[in-house]
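Secondary and tertiary structure notes
Given next are the chains, with one letter for each unit.
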Amino acid sequence: MATIEDGLVQAEKRAQAHRQAGYVVAARYDRRTSRVIVKLNTGVQISFPSRLIQGLADAAPEDLACIEITPAGLGLHWPKLDADLYVPGLLAGQLGSKRWMAAQLGAAGGSVRSPAKASSSRENGRKGGRPRKMANG
């Protein structure tokens, strides 16, 4: 049977592997560009618009300016917003929780205008539009 200590040892090993890939040494918010700038120990510097990150999208610049780096250097925390960002996830393109990311992708997909979508819409219009939902009786 696994113990809590075994779980902690495994978690430490995973964190160490992530740290070897790079960890945060500095982070700041640039008001001029509305971007968060993160510098890793590897010399890599990344920046991203705050509006793309779950919990940061509608934040005031003064709240975004206060960024804390977690002790292991694998996370960023905005105390005024109670928002967190896991840096290895960010580097993998994860900008929020799975549910939040799915909602963002769904909203983007629903607003796409393609020739196929326009043609389908015209065809449905010629048929009288979308069928009405029937009330369960």
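Refer to the preceding data block for the structure.
This write-up is about the structure you can find in this document. (Residues numbered from 1 in each chain as written. Predicted model: local features only at pLDDT ≥ 70, side-chain atom pairs only at ≥ 80, totals over all residues. Heavy atoms only, no water.)

Things to note about the overall build of the protein chain
Along its length, the protein chain carries 5 helices and 6 strands. Shown N-terminal to C-terminal, the secondary structure of the protein chain runs as helices and strands in the order α-β-β-β-α-β-β-β-α-α-α. Within the span of the protein chain, comprising 137 residues, buried residues form 21% of the whole. A separation of at least 24 residues holds for 36% of the contacts in the protein chain among residues at least 6 apart in sequence. Entry remark: accessible area of the protein chain is about 10,100 Å², with carbon and sulfur atoms responsible for 53%. (Helix = DSSP H or I, 4+ residues; strand = E, 2+ residues; numbered from the N terminus. Buried < 20%, exposed > 50% of the residue type's maximum accessible area, 1.4 Å probe, protein only. Contact = heavy atoms within 4.5 Å. Areas by Shrake-Rupley, 256 points an atom, 1.4 Å probe, with all protein chains shown as cover.)

Quick word on the sheet that holds strand β3 (residues 45-49)
Ordered in space as β1-β2-β3, the 3 strands form an open sheet in which the pairing is antiparallel. What marks the edges here is a single partner per strand, and that holds for β1 (24-30) and β3. Adjacent strand axes in the sheet meet at a mean angle of 15° when their direction is disregarded. As paired elements, strand β2 (residues 35-40) and β3 share 5 bridges and run antiparallel to each other. Bridge pairing links Lys39 to Gln45 in β3. (Pairing = 2+ DSSP bridges. Axes fitted to C-alpha atoms, helices over the stretch in contact; angles between N-to-C directions.)

Let's talk about the pairing of strand β6 (residues 83-86)
Burial along β6 is one-sided: the residues Ala83 and Leu85 are buried and none of Asp84 and Tyr86 is. Inspection of the sheet shows strand β5 (residues 75-78) paired to β6 by 4 bridges, in the antiparallel sense. By the bridge assignment for β6, Gly75 is matched with Tyr86. Hairpin remark: β5 followed by β6, antiparallel, with 4 residues in the connecting loop; positive phi at Asp82, about 50°.

Looking at the pattern of salt bridges
Counted according to the given criterion, the structure contains 1 salt bridge. Between Arg126 and Glu123 there is a salt bridge whose closest N-O contact spans 3.2 Å. With a gap of 3 residues between them, Arg126 and Glu123 both fall in helix α5 (residues 115-126), about one helical turn apart. For Arg126, a relative accessible area of 62% gives the class exposed. The class for Glu123 is partly exposed, based on a relative accessible area of 36%. (Salt bridge = Lys/Arg side-chain N within 4 Å of Asp/Glu carboxyl O.)

Side note on the sheet that holds β5
What the 3 strands build is an open sheet, ordered β4-β5-β6; its pairing is antiparallel. Edge positions in the sheet fall to β4 (68-69) and β6, since each has one partner strand and no second.

Some thoughts on unusual backbone geometry
Despite not being glycine, Ser34 shows a phi value in the positive range, around 55°. Relative to the elements of secondary structure, Ser34 occurs in the loop between β1 and β2. Residue Ser34 is classed as partly exposed on the basis of its relative accessible area, which comes to 35%. One non-glycine residue, Asp82, lies in the positive phi region at around 50°. Tracing the sequence through the fold places Asp82 in the loop between β5 and β6.

Brief notes about the environment of Pro79
With respect to the secondary-structure elements, Pro79 resides in the loop between β5 and β6. Along the chain, Pro79 and Asp63 lie 16 residues apart, while their C-alpha atoms are 8.2 Å from each other. Once residues lying within four places of it in the same chain are set aside, the contact partners of Pro79 are Cys66 and Glu68.

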